[in-house]
Amino acid sequence: MSNNITTLPTLERSQSDTSEWTTDAEKGAVKHIDHSNVDVPQTISEDDEGPNVGMAAYEQSKSLGEITPEQNKRIRMRIDFLLLPLFLLTQTLQYLDKTALNYAKVFGMEKAMGMSGNQYSLGAAIFYIGYMIAQPGWSYLLGRWHAGRVLGFSAFIWGFTVLVMVWSKNFTHVMVTRFFLGVFEAAVTPGLSLMTGWWYKRDEIPLRQTIWYSAVGWGGMIGSLMAAGISKMDDHPTPRWKLIFYVLGSVTMALGIALYFCLADGPSTAKWIKKEDRPAAVARVAQSGVGLKTTNFNWTHGFQALKDPKTWFLSIAMFGSSVPNGVLTNFSGTIIKGLGYSTFNAALLDCAGRSLQVISLLIAGLVATRWANTRLLMMTVGNLTCVMGTAMMSFLPFTKHYTWARLIGFWLVNTQSIGFTIGLVMVSSNIGAYSKRVVTSSCIFVAYCVGNIVGPLTALDSEAPRYQTAAYCMMAGYILKTICHGCLWVYMWRSNKTRDKKYGPADPVLSADNGMKGMSENENIHFR
């Protein structure tokens, strides 16, 4: 399937007996013949939206003719140019701020706070308790209110919370600050994942989501290089661990201001998309059959999510991947340093591993975008690579002879982000009705938080620097994740076959209409 041509209705269709849709099969585009002289408004304001965001623009698009390949490309490039960098920067800073504790530990924060035993692990874990409590609320607010303003407010406050870490005096202060950092960062990854589905067609989402989520790799590299640079600094009156929080907190607060004023709520009201292109920008997304968002929460759809096997396969898989993620996020520098490298070299070697994370994500996104029905295949490849990497960490002797082999195994684990990221793509492209997506996303991120809470606790202080228990738990988590994604694959394949047999071929026109009306994928019999 070409990604350069947008087809809206593909079947002949009448509309109010005054106009009709016809298909130009050779061009792969849709011509709309308008037999009425209705004066169509050119601008849709936020007040015109109603509870189903984008619906007014979608209805308007039906009277504006075909979306040409050139127009489709122009709209997509405009969104890519202005939205993706903002998403990438936001996710990068979120990752850096979350993992700053990892680098601060290397530069003596643990000693300065008088922390001992597993207190560092508890400080890392409590972030996810705050995250877990706050995340459902943020997802609701992003739907209920202007998403850019909600995310901007969140970023500004979490940036300030990073700065507050500088004034911490003891373990209690660290715990409180980390908890609130989790509360305010909880808007980011779930929010950006939901928002990606507001802007892109289903076949465009995998690559875009892997691009902005490659921020975890870029953030890891930036953090490693920052740590390497600080390690080479001459003596400074400010403790080195404090410099990390000063820099990151200030930059994040500035980002919050930019998000508040620059991030649009969706393509129907984005001022940086031409007025005449906004209805088409909405119509592009409507093809996915899942709609954009609704400002009113639908409890029926929320309960549907809790009964949907897709929700639980994705959530259990997320828990499986988050246990090892909790170890990697907070102990990567310590683990590499424990192999016998200096602080400077450990930072550079961690940076090398993060580059594999970026490369693997982009390759997976390109493959899943170029070839249909390969998303779960890419997830499985990433999962099996992680199983192999953790097996090397678990079973190779902890001797100098195997240092490089253990390091390579540790690097391979960075491919875990493939399953994480494309798992979120499954929500934005396969779950209809915004309320259902919010609940599904919340379940997944609760599992994410629980896994990240458990992960650091498996890195027993008495087992440093090998962390044998953590290595075993990481491998077990990846095996669980692989099994769940395999079950999801079978379930979705059977669901499509059952629908084809029961309802016949799907009508893409009705699928788009039903999605924009707020139907869930269960209610929308034309969804596949």
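The residue numbers shown here count from 1 along each chain, following its written sequence. Only residues with pLDDT of at least 70 get local features here, since the model is predicted, and only at 80 or more are side-chain atom pairs given and counted; chain-wide, interface and lining totals rely on the full set of residues. As a rule here, side-chain values come from all non-hydrogen atoms in the structure, and water together with hydrogens is ignored.

Some points on the pattern of salt bridges
Turning to step 1, where the next piece is worked out: What counts as a salt bridge is simple: a side-chain nitrogen of Lys or Arg found within 4 Å of a carboxyl oxygen of Asp or Glu. Under the definition given, this model contains ten salt bridges.
Turning to step 2, where the next piece is worked out: Of the charged contacts in the structure, one is a salt bridge between Glu 521 and Lys 436, with a shortest N-O distance of 2.7 Å. With Glu 521 in the segment after α20 (508-516) and Lys 436 in helix α18 (residues 434-458), the pair connects residues that are 85 residues apart, well separated along the chain.
Turning to step 3, where the next piece is worked out: Since its relative accessible area comes to 3%, Glu 521 is described here as buried.
Turning to step 4, where the next piece is worked out: Look at Lys 436 and you get buried, because its relative accessible area is 0%.
Turning to step 5, where the next piece is worked out: A single salt-bridge network, built from bridges that share partners, covers Asp 308, Lys 310, Lys 436 and Glu 521. Helix and strand assignments follow DSSP, with helices taken as H or I runs no shorter than four residues and strands as E runs no shorter than two, numbered in order from the N terminus. Per-residue accessibility, obtained with a 1.4 Å probe over protein chains only, is compared with the maximum for each type, and a residue is labelled buried under 20%, exposed over 50%, and partly exposed between these values.

Some details on α18
Two residues of an α-helix separated by three or four positions point the same way, owing to the 3.6 residues in each turn.
Turning to step 1, where the next piece is worked out: The end-to-end C-alpha distance of α18, which contains 25 residues, comes to 36 Å, matching closely the 36 Å that a straight helix rising 1.5 Å per residue would cover.
Turning to step 2, where the next piece is worked out: Counting buried positions along α18 gives 21 out of 25 residues, so the element sits mostly inside the fold. Expected span of a helix, by definition, is 1.5 Å for each gap between consecutive residues, and there is one gap fewer than residues.

A closer look at the confidence of the model for the protein chain
Turning to step 1, where the next piece is worked out: Summary statistics for the protein chain give a mean pLDDT of 83 and a share of 90% for residues scoring 70 or more.
Turning to step 2, where the next piece is worked out: The low-confidence segment residues 1-41, where pLDDT is below 50, has 93 contacts with residues more than four positions distant or belonging to other chains. Confidence scores per residue from the predictor, reported as pLDDT, run from 0 to 100. Throughout, a residue-residue contact means that at least one pair of heavy atoms, one from each residue, lies within 4.5 Å.

Examining the environment of Leu 349
Turning to step 1, where the next piece is worked out: Within the element layout of this structure, Leu 349 appears in helix α14 (residues 343-370).
Turning to step 2, where the next piece is worked out: Placed 13 residues apart in sequence, Leu 349 and Ile 336 show a C-alpha to C-alpha distance of 7.6 Å.
Turning to step 3, where the next piece is worked out: Setting aside anything within four residues of it in sequence, one finds Leu 349 in contact with Ile 336, Tyr 341, Trp 404, Leu 407 and Trp 411.

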